[in-house]
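Residue-level structure breakdown
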Amino acid sequence: MVSYWRQAGISYIRFSSICASVVRSALKPQLRAEAIKNAEANVKVTKVKTT
């Protein structure tokens with residue numbers, strides 16, 4: 001059995017992102033603001049020096 005997201009032709013990361021945004025939009029206004037704040041991601045990129 002093929003997963004629905006695979007049948008739709010999208011990656012699992014994109015599928016989970018869509019699901020998360022739908023859940024956040026369905027929340028009550030008080031909880032929505034906190035959920036949106038927690039959804040922000042911080043990424044740190046470090047370049048490795050090779051010798």
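Residues numbered from 1 in each chain as written. Predicted model: local features only at pLDDT ≥ 70, side-chain atom pairs only at ≥ 80, totals over all residues. Heavy atoms only, no water.

In the annotation of an unreviewed UniProt entry, the chain is listed under the name ATP synthase F1 subunit epsilon and assigned to Tachysurus vachellii. For the record of the chain, the UniProt heading Sequence similarities (unreviewed entry) holds the text "Belongs to the eukaryotic ATPase epsilon family." (UniProt positions renumbered as here; feature names shortened; annotations may be inferred.)

1. What to know about the packing of aromatic side chains
The final tally for this structure, using the stated rule, is 1 aromatic pair. Where Tyr12 meets Phe15, the ring centres are 6.1 Å apart and the plane angle is 45°; that geometry is what we call tilted. Placement of the pair is Tyr12 and Phe15 together in helix α2 (residues 12–26), with a separation of 3 residues, close to one helical turn. In this structure Tyr12 comes out as partly exposed when scored by relative accessible area, which is 47%. (Phe/Tyr/Trp six-rings, centres within 6.5 Å; stacked < 30°, edge-to-face > 60°. Helix = DSSP H or I, 4+ residues; strand = E, 2+ residues; numbered from the N terminus. Buried < 20%, exposed > 50% of the residue type's maximum accessible area, 1.4 Å probe, protein only.)

2. A few points about a nonpolar patch on the surface
On the surface, a cluster of nonpolar side chains totalling about 210 Å² of accessible area is made up of Ile10, Ile18 and Val22. Its location among the elements puts Val22 in helix α2. (Patch = residues over 30% accessible without salt bridge, like charges linked within 9 Å, V, L, I, M, F, W, Y side chains within 5 Å. Areas by Shrake-Rupley, 256 points an atom, 1.4 Å probe, with all protein chains shown as cover. Salt bridge = Lys/Arg side-chain N within 4 Å of Asp/Glu carboxyl O.)

3. Regarding the environment of Arg6
Its place among the elements puts Arg6 in helix α1 (residues 4–7). Assessed through its relative accessible area of 54%, Arg6 is described here as exposed. A sequence separation of 45 residues divides Arg6 from Thr51, and the C-alpha atoms of the two residues are 42 Å apart.

4. Some details on the environment of Arg24
Position of Arg24 among the secondary structure elements: in helix α2. Taking relative accessible area as the criterion, Arg24 reaches 24% and is therefore assigned partly exposed. Between the C-alpha atom of Arg24 and that of Tyr12, which follows or precedes it by 12 residues, the distance is 18 Å. Each residue touching Arg24, except ones within four places of it in the same chain, is listed here: Arg32, Ala35, Ile36 and Ala39. (Contact = heavy atoms within 4.5 Å.)

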